[in-house]
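Below, each chain spelled out in residue letters.
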Amino acid sequence: EMEAKYTRKMQALRDELDLRRKTEIHELEERKNTQISELIGNHEGAFGAIKNYYNDITAKNLTLINLLKEQVEELKKKEAVLEKEKADVLRENKGLTEPLHEAQELVAELQKKLVNYYRDKEALMNSKAHLKIAQKELKDLQWEHEVLEQRFSQVQEERDDLYQNFTRAINEVQQKTGFKNLLLERKLHGLLTLLEQKEVELSEVLAASNLDPSALSLVSHKLEDVLSSKNATIQDLQIQLARVCKAHNDMLQTFEAKLTAFGIPLDNLGFQPLSFPIPGQ
């Protein structure tokens, strides 16, 4: 009974487990079919998306290819135009080679001038600095000029006074010197004339008298003594005359120097001072 009881329980358990197994298998198949359906749907959706993506890419690529073809055609046209322009530019370059060489020479010359310009600019700045210094010195000199003008007015008054005094003094000295020179010259001329007369008389006396050689020698010695004395007198007179002339000329030079120092032209004297030549020169 127990064996039969447990056999029945085992059978019931087997049936229950078999039913449960079948149920679980059915549920697994349903889940599997659901997942397969979802996967198929997802796959079809992804495939459609990929298909649309690649269709869009293909369409875009076709459009891009057509656009690139058009751009290539335009670039070919531009290339032809550029080739033509290149030929024209080459011709222009050949024509501009000589002007370019001239322009390069001009640039070199302008660079030299630029260097000179900077040098002149620096010199100008230095000149401006010197100019400022000179302007300051000019102001100082203008101030000194005003002071000197005032002093000049005073000196002019003193000059006029000195001019009058010098004029009177020079007239007096010139009159005295001229009169003394005239006396000395007349005295010298008279002595020379007297000497010539004495020589003539002596010659006549010697010719008229028949003196012996010893007496003639004695007379000649006396005559030579007399002539030496007269020559010494003449020489003294000439020395005195030279001293007077030199003093007169020195006085004139001093007078002219004073006039020049006071700024008085010599033409304003109203007369020409006479300078005597020094005898023997």
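Read on for an overview of the structure. (Residues numbered from 1 in each chain as written. Predicted model: local features only at pLDDT ≥ 70, side-chain atom pairs only at ≥ 80, totals over all residues. Heavy atoms only, no water.)

Re the overall build of the chain
Within the chain, the regular secondary structure consists of 2 helices and 0 strands. Taking the contacts inside the chain whose residues are at least 6 apart along the sequence as the reference set, 83% of them involve residues at least 24 apart. As displayed, the chain offers around 23900 Å² of accessible surface, 58% of which is attributable to carbon and sulfur atoms. (Helix = DSSP H or I, 4+ residues; strand = E, 2+ residues; numbered from the N terminus. Contact = heavy atoms within 4.5 Å. Areas by Shrake-Rupley, 256 points an atom, 1.4 Å probe, with all protein chains shown as cover.)

Some points on the pattern of salt bridges
What the rule picks out here adds up to 7 salt bridges. Notably, a salt bridge pairs Asp250 with Lys246, separated by 2.9 Å at the nearest N-O pair. One end of the pair is Asp250 and the other is Lys246, both in helix H2 (residues 213-261) and 4 residues apart, which spans about a single turn. Taken together, the salt bridges that share partners define one network made up of Asp18, Arg21 and Lys22. (Salt bridge = Lys/Arg side-chain N within 4 Å of Asp/Glu carboxyl O.)

Quick word on the nonpolar core
Of all hydrophobic cores here, the largest spans 5 residues; its members are Leu184, Leu237, Leu241, Val244 and Cys245. For this core, the element with the highest residue contribution is H2, accounting for 4 residues. (Core = buried A, V, L, I, M, F, W, Y, C linked by side-chain atoms within 4.5 Å. Buried < 20%, exposed > 50% of the residue type's maximum accessible area, 1.4 Å probe, protein only.)

Considerations on the packing of aromatic side chains
Across all of its chains, the model carries 2 aromatic pairs by this definition. Where Tyr53 meets Tyr54, the ring centres are 5.4 Å apart and the plane angle is 75°; that geometry is what we call edge-to-face. Here the aromatic rings of Tyr117 and Tyr118 are separated by 5.7 Å at their centres, their planes lie at 55°, and the arrangement is tilted. (Phe/Tyr/Trp six-rings, centres within 6.5 Å; stacked < 30°, edge-to-face > 60°.)

Observations concerning a nonpolar patch on the surface
A cluster of nonpolar side chains, namely Ile50, Tyr53 and Tyr54, defines an oily patch on the protein surface of about 350 Å² accessible area. You can see Ile50 is positioned in helix H1 (residues 2-208). On the basis of relative accessible area, Ile50 is assigned to the partly exposed category, the value being 45%. (Patch = residues over 30% accessible without salt bridge, like charges linked within 9 Å, V, L, I, M, F, W, Y side chains within 5 Å.)

Considerations on a negative patch on the surface
A cluster of acidic residues, Glu24, Glu27, Glu29 and Glu30, forms a negative patch on the protein surface. Assignment of secondary structure puts Glu30 in helix H1. Judged by relative accessible area, Glu30 falls into the partly exposed class, the value being 41%. (Lys, Arg positive; Asp, Glu negative; His and termini not counted. Charge placed at Lys NZ, Arg CZ, Asp CG, Glu CD.)

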